[in-house]
Structure formats: C-alpha cells, structure tokens
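The chain contents come next:
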Amino acid sequence: MADPRDRKQALDDHRAKADAFEKRGDWANAVREREAAYAIASGQGNRVRLVDALARAGETERSYRLLLEALDAGPVSGRAVRRGFHQAVELDDVASLPSFAERLKALLADPDEPKPKKPRMSIWHALVWLGEFDIALGHMDAPPIAEAGDFAGPHAIVVDPAFAPDTGHGHNFNNNLFYRRLCATLGLPATFYGASDAGLPPPDLGFDFRPAITTRMYTGELPFDDLQWHRNVNLFFEAELDRQMPPDGRLFIFHTMRNTTILGLARWMLRNHRADGSALMIGIVDSNLGAHPTRAGIVADIYREAFAALKQLENAELLVYCETRSQIDTLVELGGDAFDIQLYPYVAAALALDHAAPRRNEGADRLRIGYLGGTRLERGVDLIPGLVRATRNSLGDRIAWTAQFDPESLSRQTGGALDGDIAAMRDDPAVELVEGMVSTGDYFAMLDRMDIVVLPYRERYEVSGSGVFVEALTLGKVLVVPERGWMAGFARRYGSEPVTFADTTLEAVLAALERAVSGYPDLGATAFAAAETWNADQGSTARIAAWLRDRMAAS
C-alpha cells in the first residue's frame, strides 16, 4: 500500500465499516475494523476510537492498556479520562488512581468541558477512597447550598441520604412520606434534605425538600471495601452536612442511617451541637450489621467510633431505633449500651392502609399469590418464575399471581437461565407481571390485591428488616417466609400464623405455598386478626409522635 491515496482510501473504508458496525451494536466486528484502521494510522484519534470499541466489546484489559498508551502520548478527551478512571477501578489498578484524579480535576476546572449525563459511581467511590472530596463533589455536580428556611418556632430537619422520589418499593422514600405526614399532624414544620441525583418528589405531596446531598450514600457492593473508604465516605457525608445544614437547627431526624453515614452524622453533631441541647432521632437501617461476611469488622469499627462521638453530646435528647432485635443486640455490643435503642420495625408500614380496599374475611374463588419489591437475588427473586410455573401446574385455577420485578435485571443476574419461565409468565392470563418500579399508590394497591405474600429471602434478611414484610402484616396477608431469621417470630408475636420453609429452594417454598393455599380459610382469618392487633398497637408511630410532641413542648 505504497500509494498514499490507497492508504487513505483503506483507512476511510475501515473507519466507515467500524461506524456502521457500532451503529448496529456489533462491537466484535467494530473492533476488527478499528484495529485495521489503527494499524494503518496509529494516531491518537484512531487509538482512542479503538479504546472505546474494545471497552464496548467487553475487552476491558486491552482497552485499558491502550488507553494508558494514549495518555502517555498526549491529550485525550474527557470521556476517555473518565473511562480510564472507571477501568482502573474495575481492574484494581489503585496505583494509577491519583493521576486520573488530577486529570479529572483539570477537566472539572474547564468551563467548556461537557459534563456526562450520568456520573459514574465507580469514579465517585474512588475519589472518596482517595479523600479527594472537592473533586468528588464536582464529578457528581453538587447542588448549590440550600437556603435555610425562616421558622419562628420548633422546626424539624429530616435528613435522608438515600432520598429517592415516588418509586413504589423505595422504602426510604416511604419513610419520608411517614415523617412528612406525622410532622404535619403534629403541626411541626419540617424540611427534608436529600440526594440530588434521584430527582425531586412530586410537588403535590407537599414536601419542603432541599436537594442538598450530592449522591445517595447507599450504593451496593463497594470496590474499596476497607476501613479507609468507610471512614472517608463518612467524612464526605460530614462535608455535605457542613455545606447544606442550617446552623440554628435543634430538632434533627436522621431516619435511615448506615455504616456509610452514621459516623459522619455523629462527628457533625459533635462539632456543631455538642452543648446546645439538641434533639436527635437516629433510625438505623443497616443490612451490614452482622450480615455481611467480609464487612463485619469494618462496620463494627465505624459504629464504635460513631457511638463514642454521640456519647460526648451534652444535654442532648437522643432516640435511636432499628428494625430487628438482633441488630439491637449487635449495636449494644458495639458501644450502643449507653443509649435506649428501640425496636421499631419499618415505621412507614401504616401508609399501606391508605390504599387498602374493604377487608375480606375469607378468600375469593381464586387466591392471589404475590411477590413484590426490589430485584435482588438475596430477596429470592430468582425463584419466582419457577414458583409461578410450578404453582400453576399443581394448583391450577385455584390461584393467580401478581409478581413485581425487573425481568431484564433478573436475566442479567441469572445469565438468561430464567428467560423461558419469564416468557411463560407473560403468556399466562392468570399472571400479572408488573415490570420495574411503580408509584407508591400503585405499589400499595398491588400489595392490597394479594391474599398470600411470599418472601423467599436469604442471607442478610435473617437479621435485617423488610418493609414488604411489615406492610403485608399490616394489611393482613398470609405470609410465606423463612423459618430461620426474625420474620416468622415477629408475625407470631401478633397472632399471625406464617407458613414457613426451612430452606430457600424452589421445592421447599413451593410446598409452603401449597400449604398456604390449602389452609387459607383459617390462615387468612388469623392474618386479618393479627393485622388488627398490630395496627391497633401502633407501636413505633405512637412512640415517635410522643417523642416529637415532647420535643416541641420543650422548645
């Protein structure tokens, strides 16, 4: 290919073919054409395009090695820098992260540099791990500092680092609905501070909401699962509170605290409200307490440090609560023995009653089995398609199903193994498949239509709370739950008779569902009676209301 014109023509041909393959999503052939173009002309443009194609084709290591060559050779686009940062995290190239942070800092300082539509959480994780909080704030496009409200009397400040808008099974949001209603009933003005990356709550709900926190602080599995990262992410939360929180607040509700936030909360309170007699309510909802096999020691250290800080508050009114007895026992062991830690299982469950139809005393001709909530394997969602098929085969028209989950997410998590059963669910007229998230009203209405609720939960759910479980108890549903763990015992305490299974296998859960259907007339009556007992007690709702009322009077 001595003739430059032939060389140019060949280069243009390979680029054009690569463009066409990329438009079709055929990344394997796109890589082949990009490699051919790069062999002809090894400049930055062809190299970076090959980096992108390799990444899209799943060849992360080759893409990353080539990107490092590009970075050594000269300037690259902001998109390439962010991709490299993400790939360094994925490939555990910790040594390169500081240099990527510096490049990202330069990008953020350039007003002409376009910002990505959706910042990568892996980059945020890494920046926090490095302690680069200013860069992390810029990467997540931190909101401006919220303006403080002007309140003459008592005023509640509610902080939820996981605030997400009206998305049905987002139980953190339902907790916000609970506190909005409770404060309104008491005549207590309340301002809500939450994450800005999830959108705003619907205006008609009447929140005084400030999008103050950069990102939701509960982000699943962590690429830096060490004590340094956990301390730093708490420091990041503390920095967010410093940026956003009004200095004159005296009544605080931090209702969904975890190991990524509770130390930041405690340190912030100690620095700003040590001696002013503030009232502080802390709701701890942490799935890592005694349930995560590799994180237990890290989480323990964070809670020890948080409790040590909270013990130094002077004249503070403090209410701490969490969702299960085993979590209380763990917190006491970690230094919470100085506090009166209350058992308040999912405070927002009573919201389900707003959407409930008149109650039935016995089942209709066809009982409706239901499953709903987040699409996660620890919640046994992988069993649901098989259970639908098996119960329809064994029980026929005695039952119908409503199942809410994200089929695409489940397919990814199971490698497509359940796609056939999911397709069969869509084709079965007795099966209502609700795909993805729904509004809060639709979520509660969906739960209300169910007669039997199955919760084939595993792992952390032996010790961590479940909003779906408490909502189903509230609405008088027959519960099919693991014998191991806390749910069965909690239901029995109020007179319910849950149907249990010893092992979270399809066969064991199927047998439990068949027992629930055959025994429904008696089980259903018992479940309705248990719901009346549970709802009449009002438990945590009444005690939280009394606590807030006392604080209002003291103010």
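In case you missed it, the structure is sitting above this.
Rules of the game
- Residues numbered from 1 in each chain as written.
- Predicted model: local features only at pLDDT ≥ 70, side-chain atom pairs only at ≥ 80, totals over all residues.
- Heavy atoms only, no water.
- Pairing = 2+ DSSP bridges.
- Helix = DSSP H or I, 4+ residues; strand = E, 2+ residues; numbered from the N terminus.
- Axes fitted to C-alpha atoms, helices over the stretch in contact; angles between N-to-C directions.
- Contact = heavy atoms within 4.5 Å.
- Buried < 20%, exposed > 50% of the residue type's maximum accessible area, 1.4 Å probe, protein only.
- Salt bridge = Lys/Arg side-chain N within 4 Å of Asp/Glu carboxyl O.
- Core = buried A, V, L, I, M, F, W, Y, C linked by side-chain atoms within 4.5 Å.
- Parallel < 35°, antiparallel > 145°, perpendicular 65-115°, else oblique.
- Nonpolar A, V, L, I, M, F, W, Y, C, P; charged D, E, K, R; others polar.
- Phe/Tyr/Trp six-rings, centres within 6.5 Å; stacked < 30°, edge-to-face > 60°.

*Asks:* Would you mind showing me how to read the sheet that holds strand 10 (residues 431–435) here?
*Replies:* Within a sheet, adjacent strands bond to each other through the backbone by hydrogen bonds, running parallel or antiparallel. With parallel pairing, six strands are arranged side by side in an open sheet as 10-9-8-11-12-13. Bordering the open sheet on either side are strand 10 and strand 13 (499–501), each of which pairs with just one other strand. Averaged over all neighbouring strand pairs, the angle between strand axes comes to 20°, with direction disregarded. The pairing of strand 8 (residues 367–371) with strand 11 (residues 452–454) spans two bridges and is parallel. Bridge pairing in strand 11 places G370 opposite V453. Contacts from helix 14 (residues 384–395) reach strand 8, strand 9 (399–405), strand 10 and strand 11 within the one sheet, and its direction differs from that of strand 9 by about 175°. Contacts from helix 16 (residues 419–427) reach strand 9 and strand 10, with the element oriented near 115° to strand 10.

*Asks:* Looking at this structure, how should I read the pairing of strand 5 (residues 279–284)?
*Replies:* It is a general feature of regular strands that their side chains alternate between the two faces of the sheet. Counting buried positions along strand 5 yields six of six residues, so the element is predominantly enclosed. On strand 5, burial covers both faces: A279, M281 and G283 on one face and L280, I282 and I284 on the other are all buried. Alignment of strand 4 (residues 251–257) against strand 5, held across five bridges, turns out to be parallel. For L251, the partnering residue across the bridge sits in strand 5 and is A279.

*Asks:* What should I look at first to understand the pattern of salt bridges in this one?
*Replies:* In this structure the tally under the stated criterion is 31 salt bridges. Across the salt bridge formed by R82 and E113, the nearest N and O atoms sit 3.9 Å from each other. In this pair, R82 sits in helix 5 (residues 78–90) while E113 sits in the loop between helix 6 (97–109) and helix 7 (121–130), placing the two residues 31 residues apart along the sequence. Put simply, R551 and E317 hold a salt bridge, and the shortest N to O gap is 3.5 Å. Within this pair, whereas R551 is found in helix 22 (residues 539–554), its partner E317 is found in strand 6 (residues 317–322), the two being separated by 234 residues in sequence.

*Asks:* Explanation requested: the nonpolar core in the structure shown.
*Replies:* Side chains of a nonpolar character, in soluble globular proteins, are inclined to be buried together. With 84 residues, the main nonpolar core has F85 and F254 as its most contacted residues. Counting residues per element, this core draws most heavily on helix 12 (residues 296–310), at eight residues. Setting aside anything within four residues of it in sequence, one finds F85 in contact with L97, F100, A101, L104, I123, A126 and L127. With 59 residues, the next largest nonpolar core counts A156, L182, L351 and M446 among its residues.

*Asks:* Before we go on, may I ask you to explain the packing of helix 7 against helix 10 (residues 227–244) in this structure?
*Replies:* Helix packing geometry: the angle between the two helix axes and the distance between the axes. Packing of helix 7 against helix 10 brings their axes to within 8 Å, and their N-to-C directions diverge by 95°. Taken as axis vectors, helix 7 and helix 10 run roughly perpendicular relative to one another. Here W124, H125, V128, W129 and L130 of helix 7 lie close against helix 10, whose contacting residues are Q228, W229, N232, V233 and F236. A class-by-class count of the residues in the contact of helix 7 with helix 10 yields seven nonpolar, three polar and no charged.

*Asks:* What exactly am I supposed to notice about helix 7 here?
*Replies:* Every α-helical turn comprises 3.6 residues, leaving residues that sit three or four positions apart pointing alike. Taking burial as the measure, the ten residues of helix 7 include eight buried ones, the bulk of the element. Taken as a whole, helix 7 has its buried residues at S122, I123, W124, H125, A126, L127, V128 and W129. On the buried face of helix 7, the contacting elements are helix 5, helix 6, helix 8 (133–139) and helix 10.

*Asks:* Quick question: what am I supposed to make of the packing of aromatic side chains here?
*Replies:* The full count for this structure, using the stated rule, is 23 aromatic pairs. Centroid distance F85 to F100: 6.0 Å. Interplanar angle 40°. Geometry classified as tilted. Taken together, the residues span a long stretch of sequence, with F85 in helix 5 and F100 in helix 6 at a distance of 15 residues. Of the two residues examined, F85 and F100, each falls in the buried class. Ring geometry for F469 against F490: centres 6.3 Å apart, planes inclined by 70°, an arrangement best described as edge-to-face. Of this pair, F469 sits in helix 18 (residues 467–474) while F490 sits in helix 19 (residues 487–493); the two residues are 21 residues apart in sequence, bridging distant segments of the chain. As far as the burial class goes, F469 and F490 line up, both buried.

*Asks:* What is the right way to look at unusual backbone geometry in this model?
*Replies:* Glycine aside, negative phi is the norm for most residues, and most peptide bonds take the trans geometry. Residues other than glycine seldom take positive phi values, yet D92 does so here, at roughly 60°. Checked against the element boundaries, D92 lands in the loop between helix 5 and helix 6. For D92, a relative accessible area of 55% translates into the label exposed. Notably, Y346 is not glycine yet its phi reads approximately 40°, a positive angle. Positionally, Y346 belongs in the loop between strand 7 (341–343) and strand 8. Y346 gets classed as buried once you look at its relative accessible area, which sits at 4%.

Bear in mind that shape data such as this cannot, by itself, settle questions of function.
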